[in-house]
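# Structural overview for review
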Amino acid sequence: MEDKNLNISASAAGQAGILAKIVEHKRLEVIQAKQNIPVSGLERSEYFGRTCYSLRDFMLAEDRTGIIAEFKRASPSKGVINDQAEVSVVTRQYADAGASALSVLTDQQFFGGKIRDLVEARETNQIPILRKDFIIDEYQIVEAKAIGADIILLIASILTPQEVAGFAKFAKTLGLNVLLEVHNREELEKNIFDDIDAIGVNNRNLDTFEVSVQHSHDLVNLIPDNFLKISESGISDPKTIKELRAAGFNGFLIGENFMKNSDPGSAIQNFVQELRN
């Protein structure tokens, strides 16, 4: 991967406008994507008609860990994290280690991801896959289904409540699971809709990149119990998962902690072994 093609410099990220920059660039990407492949073309994909795996079933399965293991090559805050790992190999290792679901970054400009990464993960795995991206248009939801995703992410901080409700409803018509990401109480209270399956608390501020797991503890009891409760980011110790589970969380999205290792598969195996002890 060539760094010059990625807008992931820490200095740029530190200007507190990175999220706005990502969304601005994403709008241009979507315009281009629609020109390249119309919705009718996406609907002809081999994966478009498949039945999605249930996030709830896998998240609550006793033989699974509740971990959503992420494949992420880079980020705006860290730069290149791991540009040597093979997505098919690593995601298979994640699944074999007991991950309840996979998260695959498909944003290229800021995270070094590719649409092809998710397709390759789908080809080699039989557990739910989250398309980790910045959804701002229904087209991306159709695209997610077409490339084999089971779950889409809706980020409350970049969408209006009306958009969250509309996108979630549309995703359900395609059979997709919906994960809503919130950062604070206001975002949570404005975006509780029946078509959402899971609510994730992102412990990382996407503008400042500061991380605090306390955000999850502060919000867990405000999330209605009919939703799966997911804690995202900043989880690097099995003890933290045990504490979050005791607080009421069902799932735990972990990316950088595994990907920063030269062997992410071994990293998750060791993590899970300690978690289960």
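Residues numbered from 1 in each chain as written. Predicted model: local features only at pLDDT ≥ 70, side-chain atom pairs only at ≥ 80, totals over all residues. Heavy atoms only, no water.

### Some remarks on the overall build of the chain
The condition that has to hold: To qualify as a helix, a DSSP run of H or I must reach at least 4 residues; to qualify as a strand, a run of E must reach at least 2; elements of each kind are numbered from the N terminus. Our radius of gyration is a C-alpha quantity, and the globule rule it is checked against amounts to 2.2 Å times the number of residues to the power 0.38. Exposure categories follow from relative accessible area, calculated using a 1.4 Å probe and restricted to protein chains: below 20% of the type maximum is buried, above 50% is exposed, and the middle band is partly exposed. In short, Shrake-Rupley with a 1.4 Å probe defines the accessible areas, and a residue's cover is counted only from the protein chains shown. Charge counting treats Lys and Arg as positive and Asp and Glu as negative, with His and both chain ends excluded. Here the site of a charge means NZ on Lys, CZ on Arg, CG on Asp, or CD on Glu.
Of regular secondary structure, the chain possesses 13 helices and ten strands. Here the C-alpha atoms of the chain give a radius of gyration of 17 Å, agreeing with the 19 Å that 2.2 N^0.38 yields for 277 residues. Considered along the principal axes of its C-alpha atoms, the chain spans approximately 50 × 40 × 40 Å. Sorting the 277 residues of the chain into buried and exposed places 55% on the buried side. Accessible surface computed for the chain: about 12000 Å², of which carbon and sulfur atoms make up 45%. Taking the average place of the 30 positive charges on the side chains of the chain and the average place of its 40 negative ones, the gap between the two points comes to 1 Å.

### Things to note about the environment of Glu138
Along the chain, Glu138 falls in helix α7 (residues 138-146). In sequence terms Glu138 and Ala20 are 118 residues apart; their C-alpha atoms lie 19 Å from each other.

### Re the packing of aromatic side chains
Aromatic rings considered in pairs are described by the distance between their centres and by the relative angle of their planes. We apply this condition: Stacked, edge-to-face and tilted are the three classes for Phe, Tyr and Trp ring pairs, Trp counted by its six-membered ring, which pair at centre distances within 6.5 Å; planes under 30 degrees apart are stacked, over 60 edge-to-face, the rest tilted. Ring-over charges, as used throughout, are those where CZ of Arg or NZ of Lys falls within 6 Å of the ring centre and within 35 degrees of the ring normal.
One pass over the full model with this rule turns up four aromatic pairs. Ring centres 5.5 Å apart and planes at 70 degrees place the aromatic pair Tyr53 and Phe58 in the edge-to-face group. Accessibility expressed as a relative area gives 26% for Tyr53, which makes it partly exposed. Exposure remark for Phe58: the relative accessible area of 18% places this residue in the buried category. The structure contains a cluster of three or more aromatic residues connected by ring pairs, namely Tyr94, Phe258 and Phe271. Looking at Lys145, its charged tip hangs above the ring of Phe48, at a distance of 5.4 Å from the centre.

### Here we look at the side chain of Arg73
Rule in force here: In protein, a polar contact requires one atom able to donate a hydrogen and another able to accept it; more generally it is a pair of N or O atoms within 3.5 Å, and residues adjacent in sequence count only if both atoms are side-chain atoms.
In this structure, Arg73 sits in the loop between β1 (67-71) and β2 (74-75). A polar contact of 3.5 Å, which involves the side chain of Arg73, links it to the backbone oxygen of Gly112.

### Things to note about helix α13 (residues 264-276)
The condition that has to hold: Here a helix's expected span is defined as the number of its residues, less one, multiplied by 1.5 Å. Working note: the arc is built from the helix axis to C-beta atom directions. Contacts are assigned to residue pairs with any non-hydrogen atoms lying within 4.5 Å of each other.
A rise of 1.5 Å per residue sets the reference length of α13, with its 13 residues, at 18 Å; its end C-alpha atoms lie 18 Å apart and thus fit the reference within 8%. Along α13, the residues classified as buried are Pro264, Gly265, Ala267, Ile268, Phe271, Val272 and Leu275. Angular distribution of buried residues about the axis of α13 spans 160 degrees; they occupy a single face of the element. Residues of α13 that are buried make contact with β1, α5 (87-96), α11 (238-247), β10 (251-254) and α12 (256-259).

### Describing the packing of α5 against helix α6 (residues 115-124)
To be explicit about the condition: Axis definition: a line fit to C-alpha positions, over the contact stretch in the case of helices; interaxial angles, taken between N-to-C directions, run 0 to 180 degrees. Relative orientations are named as follows: roughly parallel for angles under 35 degrees, roughly antiparallel for angles over 145 degrees, roughly perpendicular for angles from 65 to 115 degrees, and oblique for any other angle. We call a crossing left-handed when the near helix sits turned anticlockwise from the far one by less than a right angle, and right-handed when that turn is clockwise.
Contact pair α5 / α6: the axes reach a minimum separation of 9 Å and the direction vectors enclose 50 degrees. Classed by the angle they form, the pair α5 and α6 counts as oblique. For the pair α5 and α6, the sense of crossing is right-handed. Here Val87, Ser88, Thr91 and Arg92 of α5 lie close against α6, whose contacting residues are Asp117, Glu120, Ala121 and Thr124.

### Overview of the confidence of the model for the chain
Applicable threshold: For every residue, the predictor states its confidence as a pLDDT score lying anywhere from 0 to 100.
The predicted model of the chain averages 93 in pLDDT, with 93% of residues at 70 or higher. Here residues 1-16 scores under 50 on pLDDT; set against residues more than four positions off or in separate chains, the count is 33 contacts.

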